[in-house]
Amino acid sequence: MDATESRYPSQFSGSLSRNLILAYQSLGVVYGDLSTSPLYVYKSTFIGKLHKHQNPDAIFGAFSLIFWTLTLIPLLKYVLIVLSANDNGEGGTFALYSLLCRHAKFSLLPNQQAADEELSAYKYGPPGQYPSSSPLKRFIEKHRKSRIALLIVVLLGACMVIGDGVLTPVISVLSSVSGLEAAKSNLTRGEVLLIACVILVGLFALQHTGTHRLAFAFAPIVLLWLVSIFSIGLYNIIHWNPKIVSAISPHYIITFFKETGTDGWISLGGVLLSITGTEAMFADLGHFTAMSIRLAFITIVYPCLIVQYMGQAAFLSKNISSIPNSFYDSIPDPIFWPVFIIATLAAIVASQAIITATFSIVKQCHALGCFPRIKVVHTSKHIFGQIYIPEINWILMILTLAVAVGFQDTTLIGNAYGLACMTVMFITTFLMALVMIFVWQRSIFTASAFLIFFWFIEGIYLSAAFIKIPQGGWISLLLSCIFLFVMFVWHYGTRRKYNFDLHNKVSLKWLLGLGPSLGIVRVPGIGLVYSELATGVPAIFSHFVTNLPAFHNVLVFVCVKSVPVPFVSPEERFLIGRICPRPYRMYRCIVRYGYKDIQRDDGNFEDLIIQSIAEFIQMEAVEPQLSSSDNTSLDGRMAVISTRTAQSGSSLIVSSQESSSSSNSIKSSKSLTLQSLRSAYVDENPRSKTHQVRFQLPSTPGLNPLVGEELLDLIQAKEAGVAYIMGHSYVKARRSSSFLKKVVIDIGYSFLRKNCRGPSVALNIPHISLIEVGMIYYV
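Each chain carries its own residue numbering, running from 1 in the written order of its sequence. Per-residue local features of the predicted model are confined to residues with pLDDT of at least 70, and side-chain atom pairs are confined, for both listing and counting, to 80 or more; whole-chain, interface and lining totals are unaffected and use all residues. Values reported for side chains reflect all heavy atoms of the structure, with hydrogen atoms and water molecules removed beforehand.

### Focus: the nonpolar core
Stage number 1. In plain words, nonpolar cores are sets of buried Ala, Val, Leu, Ile, Met, Phe, Trp, Tyr and Cys residues tied together by side-chain atoms within 4.5 Å. Exposed residues in this analysis have more than 50% of their type's maximum accessible area, buried residues have under 20%, and partly exposed residues fall in between, with area computed by a 1.4 Å probe over protein chains only. Counting 168 residues, the largest nonpolar core has Tyr 31, Tyr 42, Phe 63, Trp 225, Ile 244, Phe 297 and Tyr 328 as its most contacted members.
Stage number 2. The way it works is that DSSP assigns letters per residue, a run of H or I at least four long becomes a helix, a run of E at least two long becomes a strand, and they are numbered from the N terminus. In terms of residue count, the dominant contributor to this core is helix α20 (residues 410-438) (18 residues).
Stage number 3. By the convention used here, residues are in contact when the closest approach between their heavy atoms is within 4.5 Å. Apart from the residues lying within four places of it in its own chain, the contact partners of Tyr 42 are Ala 62, Phe 63, Ile 66, Tyr 309, Gln 312, Ala 313, Leu 316, Ile 323 and Ser 326.
Stage number 4. Counting 34 residues, the second largest nonpolar core, distinct from the first, contains Ile 520, Ile 540, Cys 580 and Val 731.

### Remarks on a nonpolar patch on the surface
Stage number 1. Each patch is assembled from residues with relative accessible area greater than 30% and no salt bridge, linking like charges that lie within 9 Å and nonpolar side chains (Val, Leu, Ile, Met, Phe, Trp, Tyr) that lie within 5 Å. Each accessible area value is a Shrake-Rupley result obtained with a 1.4 Å probe; residue values ignore everything except the protein chains displayed when judging cover. By salt bridge we mean one thing: a side-chain nitrogen of Lys or Arg within 4 Å of a carboxyl oxygen of Asp or Glu. Taken together, the side chains of Trp 474, Leu 478 and Ile 482 present a nonpolar region at the surface, about 280 Å² in accessible area.
Stage number 2. Relative to the helices and strands, Ile 482 is located in helix α22 (residues 469-503).
Stage number 3. Under the relative-accessibility criterion, Ile 482 is labelled partly exposed at 44%.

### Describing the packing of helix α5 (residues 56-79) against helix α12 (residues 251-260)
Stage number 1. Between N-to-C directions, angles span 0 to 180 degrees; the directions come from axes that are lines fitted to C-alpha atoms, helices contributing only their stretch in contact. At a closest axis distance of 8 Å, the pairing of α5 and α12 adopts a crossing angle of 125°. The angle between the axes of α5 and α12 places the two elements in the oblique class. Viewed along their axes, α5 and α12 form a crossing whose handedness is left-handed. Across the interface between the two elements, Asp 57, Ala 58, Phe 60, Gly 61, Ala 62, Ser 64, Leu 65 and Trp 68 of α5 pack against Tyr 252, Ile 253, Phe 256, Phe 257 and Glu 259 of α12.
Stage number 2. Basically, the charged four are Asp, Glu, Lys and Arg, the nonpolar ten are Ala, Val, Leu, Ile, Met, Phe, Trp, Tyr, Cys and Pro, and anything else, Gly included, counts as polar. Taken together, the residues of the contact of α5 with α12 break down into nine nonpolar, two polar and two charged. Comment on the angle field: the value is read as roughly parallel under 35 degrees, roughly antiparallel over 145, roughly perpendicular from 65 to 115, and oblique elsewhere. For a crossing to be left-handed, the near helix must be turned anticlockwise from the far one by less than a right angle; the clockwise case is right-handed.

### Some details on the packing of aromatic side chains
Stage number 1. Between rings of Phe, Tyr and Trp, where Trp is taken as its six-membered ring, a pair exists when centres lie within 6.5 Å; planes separated by under 30 degrees are stacked, by over 60 edge-to-face, and by other angles tilted. Following the criterion strictly, the structure yields 28 aromatic pairs and no others.
Stage number 2. Considering the side-chain rings of Trp 490 and Tyr 749, the 5.2 Å spacing of their centres and the 45° angle between planes classify their relative orientation as tilted. Here Trp 490 is found in helix α22, whereas its partner Tyr 749 is found in helix α30 (residues 739-755), with 259 residues between them in sequence. Just as Trp 490 is buried, Tyr 749 falls in that class too.
Stage number 3. One aromatic cluster is present, built from ring pairs that chain together Trp 225, Phe 327, Tyr 328, Phe 336, Trp 337 and Phe 340.

### A word on the pairing of strand β4 (residues 550-562)
It is a general feature of regular strands that their side chains alternate between the two faces of the sheet.
Stage number 1. Where strand β3 (residues 521-530) and β4 come together, eight bridges link them in parallel fashion. In the sheet register, Arg 522 faces β4, and the bridge partner there is Phe 551. When DSSP finds at least two bridges between two strands, those strands are taken to pair.

### A few points about the environment of Leu 200
Stage number 1. Here Leu 200 is to be found in helix α10 (residues 189-205).
Stage number 2. Taking relative accessible area as the criterion, Leu 200 reaches 1% and is therefore assigned buried.
Stage number 3. C-alpha separation for the pair Leu 200 and Ile 398, spaced 198 residues apart in sequence, amounts to 10.0 Å.
Stage number 4. Excluding residues within four positions of it along the chain, Leu 200 makes contact with Pro 169, Val 170, Val 173, Thr 400, Leu 401 and Ala 404.

### A look at the sheet that holds strand β10 (residues 722-732)
Stage number 1. A sheet is described by the order of its strands in space; here seven strands give the open sequence β7-β5-β6-β4-β3-β10-β11, paired in mixed fashion. Each edge of the open sheet carries a strand with a single partner, namely β7 (639-641) and β11 (770-778). When strand polarity is set aside, the average angle formed by the axes of neighbouring strands in this sheet is 30°.

### Considering unusual backbone geometry
Stage number 1. If you check the backbone angles, Cys 580 has positive phi at about 70° while not being a glycine.
Stage number 2. Inspection of the secondary structure assignment puts Cys 580 in the loop between β5 (574-578) and β6 (586-593).
Stage number 3. Using a relative accessible area of 2% as the deciding quantity, one classes Cys 580 as buried.
Stage number 4. If you check the backbone angles, Arg 585 has positive phi at about 55° while not being a glycine.

### Observations concerning the environment of Lys 123
Stage number 1. You can see Lys 123 is positioned in the loop between α6 (93-103) and α7 (135-142).
Stage number 2. Accessibility expressed as a relative area gives 53% for Lys 123, which makes it exposed.
Stage number 3. Ignoring any residue separated from it by four or fewer positions in sequence, one finds Lys 123 in contact with Asn 88, Arg 102, Glu 117 and Glu 118.

### Structural notes on the environment of Thr 71
Stage number 1. Here Thr 71 is to be found in helix α5.
Stage number 2. Take Thr 71: its relative accessible area is 14%, and that puts it in the buried class.
Stage number 3. Along the backbone, Thr 71 and Tyr 302 are 231 residues apart, and their C-alpha atoms lie at a distance of 8.5 Å.
Stage number 4. Beyond its immediate stretch of four places on either side in the chain, Thr 71 contacts Leu 76 and Tyr 302.
Stage number 5. Here Phe 67 takes part through its backbone oxygen, which lies 2.8 Å from a polar atom of the side chain of Thr 71.
Stage number 6. The definition of a polar contact used here is a pair of N or O atoms within 3.5 Å, where within protein one atom must be able to donate a hydrogen and the other to accept one, and adjacent residues in sequence count solely through side-chain atom pairs. Only 2.6 Å separates the side chain of Thr 71 from the side chain of Tyr 302, close enough to count as a polar contact.

### Focus on the pairing of β10
Stage number 1. Where β3 meets β10, four bridges bridge the pair, whose relative direction is parallel. For Ile 526, the partnering residue across the bridge sits in β10 and is Val 722.
Stage number 2. As paired strands, β10 and β11 are joined by nine bridges and run parallel to one another. Along β11, the bridge assignment pairs Lys 732 with Tyr 778.

Below is the structure:
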């Protein structure tokens, strides 16, 4: 699957052969977690309150519960309904939230513009469909607290997925290696735990290589696992108790609860483990198509799981004492060790899938401004979306080992695991109901019926999971609260800092009063002034101008921002405009990324900006409405500049050549000191020695003299060098602030800022060209 297909999977959904291939590939990425649940479901169900009811009738009832749970939630809810609510092929809670933000004013992203709504990925649904206007929509839009509550719900779902990233590797690997104890080997429980910890360390240590290096083996492993458990289940049904087939009837559920009462309700915390991993069908949709995921589940995964659970129940109905090791005891002796090896490999695959999904969730939280800056490494050139985040990887490893060593019991871990998974499903049901109303424009009655039906089922399971909070369930709540607190503090501090910038913008009247020279000397070169503001001139600019006697001939105010769409195509990434009249040589460049876009370090960002500005200057001469000369008190209108158009246009002649440590860019510097510094930097950073781009003015007879002069100034400024100007901010709470606000800003937010990656690192800005302007923000 190449990058284009994985980013825009809907283009390929019409081909049956393509969907069959994607369905096969989805087995290794999507269904690893769901398919390994038979390792621990029956054990988790019957250990605890239900140990007094370990009899054939209770086992028949437990299987009936598992059958109908798999049928109603994964099959009916996700496969038939939720998979249809994709955001340009992307799934998960953030995709649902993105759709809601585009159809109503629910978004809390600070620097959104009307121009963002013109993105091709922004549109959803058939042409001519207009957003509905309902009292519920107006209420949420009007009350900021309701929008904050909606964001917190989405973030809580994200935190629970991160909790899954900690718990899934533990329960999967511990359950698989527990077969060593079932095999009556001489290994002690401590030695089995040590083996599990070694596997977990190896799993996280290999994350930096990228999923794609092992992806070819994932699907065969899971397929072999599914065929194995299907065969074992079929054998157990025929050999031990064929009457188990009758347990499909809901009558056995009624009998089960009549016999077990409250104990049976509490045991639902174990039954719900049979659907853990279901959310991955929706969350990992971006790598496949909805049709391929449906095909894989309906034709392979669902039948294999049903037969396996049925076979285990048939075995247990005749071997009650085998409940603590139900899966491994049900395997015929001749094939025990091959199945054990396959189970261990399948557990690793299941762990790998949720770890990758955790990286993706953290990246999306960062795009929403709700997570500190982290390093994102794109590990595959062919499968878009496979990323690696070093900081999160090692945090997950430490937490995973701590849970494994601290609990050691898969039943306790399963209690926490089930609570996290069911909470995510509960939140997805709520967001789906909102999507039905605001995006699909269905009636409130239809959405309410969907919400009530599935909330009733999931609420029963969730209540049973909450009962088990003292027996291990607290760990998922603790992990979620920690990550939610980090997200809230970062989002709150970032919003406060942005509001300070917004209310302390430089007045354009003051800027115009300085004149084209800005009241100081304009030195050769281009100054890229980074700010989060999409309009106006940031306060760091006035701070810089009033403290230094010189500034660059060409100024570009750069804003890198996220928009509520999964991907922004390269043709729509750059918005270019002008600040002040033409003689000032001041421009604005807004760079837009979607919540699943990766900011790649291509090394040609400067060249793309120069070409885009040159294209804008040409467009402005042809389309005078882009110019701000008629109204110099405001910013000029922004224009979308396609990078491909800019690269192939005739505004500038571009020549490229291989560069070396003695490149022309270094020689062009008039300062010997700067030459030596840049030479040392290039020697230490081989990536910067890829190619040298030079611009020339085309000899066009009809070129407007003013346009030609401006383009020539742009080329000369580029040849003189590019400097990056950023604010180095210190955020502090005002003295009049409340004690809680001082704790959040002065301690929490400051700690996160000091221990996360700096903005220059996150934006891949070369350190040798960076100028930082220190400022204190009193928020």
